[in-house]
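Architecture and fold: a report
What follows is each chain in one-letter form.
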Amino acid sequence: MEIDYHCFYCGTCANVCPKMAIELLDSGVVEINMDCEQHIHNEKRCGICIKACPVGAIHGL
Amino acid sequence: MDYDVVVVGAGPGGSMTARTLAQEGASVLMVEKRPEIGMPVRCGEGTGVAGLKELGITPHPKFIAQEIYGDYLYSPDGTKVDMRTEEPNGYCLERRMFDKHLGILAAKAGAVVRTRTTATGLITENGTVKGVKLRHFDDEYDVKCNVVVGADGIEGRVGRWAGISNRTKLGEMTSNVQFELVGIEMEEPNVLEFYLGGKYAPGGYVWIFPKGPDVANVGLGIRKTKETALVYLKRFIAEHENLARGSVASIVVGGVPVQGPLEESVGNGVLLVGDSARHVDPLTGGGIYNAMHCGTLAAGVIGEALAAGNFSKEFLQKYHELWWKEVGEGLMRSLRVKEIIEKLSDDDLNKIAKFMQGMKFGEIDIKEASSIVTQFPPEFAEFVQSLL
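Residues numbered from 1 in each chain as written. Chains lettered and ligands numbered in written order. Predicted model: local features only at pLDDT ≥ 70, side-chain atom pairs only at ≥ 80, totals over all residues.

**Some points on the environment of B:Val49**
Residue and element names in this part refer to chain B. Secondary-structure assignment places Val-49 in helix α2 (residues 49–54). Among the residues examined, Val-49 registers 16 C-beta atoms within 10 Å and is labelled partly exposed. For the pair Val-49 and Tyr-91, spaced 42 residues apart in sequence, the C-alpha to C-alpha distance is 6.5 Å. The residues touching Val-49, leaving out its near neighbours within four places in the chain, are Pro-88, Asn-89, Gly-90 and Tyr-91. (Helix = DSSP H or I, 4+ residues; strand = E, 2+ residues; numbered from the N terminus. Buried ≥ 20, exposed ≤ 12 C-beta atoms within 10 Å, placed from the backbone. Contact = placed C-beta atoms within 7 Å.)

Okay, here's the thing in structure tokens:
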């Protein structure tokens with residue numbers, strides 16, 4: 001998963017993520033951590049964050 | 001204990017909790033991960049006159065952008081329903097100033113406020129929350145307390161750390177984008193405008209909230225779409241000449257959970273307030289008053305817990321029951337209305353709008369409700385009944 005420059009750091013993705021894999025850091029940056037399914041098991045991404053993002057800032061690699 | 005209570009998040013819910021507790025004599029730490037309370041704004045900025053009055057917040061020009069006298073509702077075919085009021089019934093706020101004002105009130109009441117301070121985890125002992133792990137720049141430290149209040153917004157983690165799931169289902173999260181447009185024309189600069197229908201905002205609506213004679217927040221929320229909210233908003237603005245000529249002074253982006261309130265909002269030594277407890281109206285997406293009111297309720301119950309020395313889930317459950325009674329039942333009613341509206345087609349909305357055109361909403365008496373329902377075609381009776 002990748003977050004691009006469209007991100008507004010609104011935290012919508014962090015809420016809908018079933019794995020708590022997305023965190024809005026105090027630096028104002030959104031970070032996808034290793035709990036993301038794709039990272040751990042190399043499974044197909046769930047993609048919920050991609051669908052929820054209001055500006056299309058998250059992409060599956 | 002370092003503090004009686006740590007409040008995580010300095011939005012309206014967190015600040016009201018911290019302020020009320022501090023006024024009652026509790027030692028309170030309120031932390032905010034952002035460097036400045038109120039920034040960035042993630043809100044349409046509309047709220048009600050009655051709510052602020054009830055909460056004892058005196059309106060001040062520094063955070064009131066515009067008094068509002070009701071609204072116009074537009075159905076998909078452009079049918080306008082006039083829902084204006086004689087007296088102001090709402091405000092369009094400057095949230096960046098409003099939130100900071102509330103944070104300052106909390107600090108003046110005696111709460112310790114620390115910005116750019118992030119909660120990174122909870123301290124638990126035997127299944128009870130006993131404090132919070134904090135980070136301020138490079139300093140990481142623990143703060144012990146009797147109760148942690150999670151007022152950390154939709155991205156909040158306090159609830160989930162404590163085992164309270166406040167994750168929203170994807171289909172129940174609206175994606176929202178708003179432009180603050182300057183140099184636009186509005187029909188009336190003190191009346192809200194709402195646009196319904198699948199063309200402009202499937203699963204949500206478009207709003208125009210005036211902030212001055214030629215300035216307004218123009219935004220929308222959508223659900224279950226392939227295109228992003230940003231695409232929908234740009235399209236809506238392009239199709240409205242009076243808006244398209246405006247300059248964009250700010251862009252606000254965010255998600256609003258419209259799933260209805262949480263069934264569980266407390267744990268041992270912890271409770272949730274505001275968006276993190278989904279104190280958001282599922283129909284309107286509004287939540288400022290709810291968060292603030294629930295913050296005062298939380299403070300009241302925590303005050304009792306401090307006096308009793310009992311911070312168990314069972315004791316704090318009184319807060320959950322209180323807010324469900326005072327706020328939650330209204331939110332569930334809105335959820336039911338939202339679910340009924342979801343089933344309506346654009347044609348249905350047009351028909352309903354035409355029936356509503358002649359009504360003067362500010363003058364409807366509850367005693368007349370049944371007669372109003374009978375004026376509508378039978379297929380819309382459920383919808384109208386739910387509104388009344």
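**A few points about the pairing of strand β15 (residues 215–222) of chain B**
All names here are of chain B. Summarising burial for β15: eight of the eight residues are buried, a large majority. By the alternation rule, side chains of β15 split into Val-215, Asn-217, Gly-219 and Gly-221 and Ala-216, Val-218, Leu-220 and Ile-222, which are all buried. Of the pairings in the sheet, the one linking strand β12 (residues 173–182) to β15 comprises eight bridges and is antiparallel in character. Its bridge partner lying in β15, Gln-178 is registered against Gly-219. Pairing of strand β14 (residues 205–212) with β15, which is carried by seven bridges, proceeds in the antiparallel orientation. Along β15, the bridge assignment pairs Pro-210 with Ala-216. Between β14 and β15, which pair antiparallel one after the other, the connecting turn spans two residues. (Pairing = 2+ DSSP bridges.)

**Topic: the sheet that holds strand β5 (residues 70–74) of chain B**
Residue and element names in this part refer to chain B. Reading across from one edge, β6-β5-β13-β14-β15-β12-β16 is the order of the seven strands in this open sheet, with mixed pairing throughout. In the strand order of this sheet, the two ends are held by β6 (80–84) and β16 (247–257), each with one partner. Each adjacent strand pair in this sheet contributes to an overall mean axis angle of 15°, direction not counted. Note that β5 and β6 share five bridges and pair antiparallel. Looking at the pairing, Tyr-74 lines up with Lys-80 of β6. Against the sheet, helix α5 (residues 229–238) engages β12, β14 and β15, with an angle of about 135° to β15. (Axes fitted to C-alpha atoms, helices over the stretch in contact; angles between N-to-C directions.)

**Structural notes on the interface of chain A and chain B**
Listed as interface residues are 18 residues of chain A and, on the opposing side, 24 residues of chain B. For the side of chain A that touches chain B, the secondary-structure elements that each account for two or more residues are α1 (12–16) and α3 (48–52) of chain A. No other element matches the four residues that α1(A) contributes to the side of chain A that touches chain B. Per-class residue counts for the side of chain A that touches chain B are twelve nonpolar, four polar and two charged. (Nonpolar A, V, L, I, M, F, W, Y, C, P; charged D, E, K, R; others polar.)

**Here we look at the nonpolar core**
Residues and elements named next belong to chain B. Counting residues in hydrophobic clusters, the biggest one holds 123 residues, and the most contacted among them are Val-5, Val-6, Val-28, Val-148 and Leu-220. Element by element, the count of residues in this core is highest for helix α7 (residues 288–308), at eleven residues. Each residue touching Val-5, except ones within four places of it in the same chain, is listed here: Leu-21, Ala-26, Val-28, Cys-145, Asn-146, Val-147, Val-149 and Ile-302. (Core = buried A, V, L, I, M, F, W, Y, C linked by C-beta atoms within 7 Å.)

**Looking at unusual backbone geometry**
Residues and elements named next belong to chain B. Following Met-39, the chain continues into Pro-40 via a peptide bond in cis, with omega recorded as -10°. Within the secondary structure layout, Pro-40 lies in the loop between β2 (28–32) and β3 (46–48). A positive phi angle, near 50°, is found at Arg-116, a position not held by glycine. By secondary structure assignment, the location of Arg-116 is in the loop between β8 (112–115) and β9 (117–125). We classify Arg-116 as partly exposed; it has 15 C-beta atoms within 10 Å. Its identity as a non-glycine residue notwithstanding, Lys-224 has a phi of 55°, on the positive side. With respect to the element layout, Lys-224 can be found in the loop between β15 and α5.

**Some thoughts on the sheet that holds strand β7 (residues 90–93) of chain B**
Residue and element names in this part refer to chain B. Read from one edge of the open sheet, three strands run β3-β7-β4, paired in antiparallel fashion. Each edge of the open sheet is held by one strand with a lone partner, namely β3 and β4 (64–68). Along the sheet, successive strands turn relative to each other by an average axial angle of 30°, direction set aside. Pairing between β4 and β7: four bridges, direction antiparallel. Counted as the bridge partner of Ile-68 is Gly-90 from β7.

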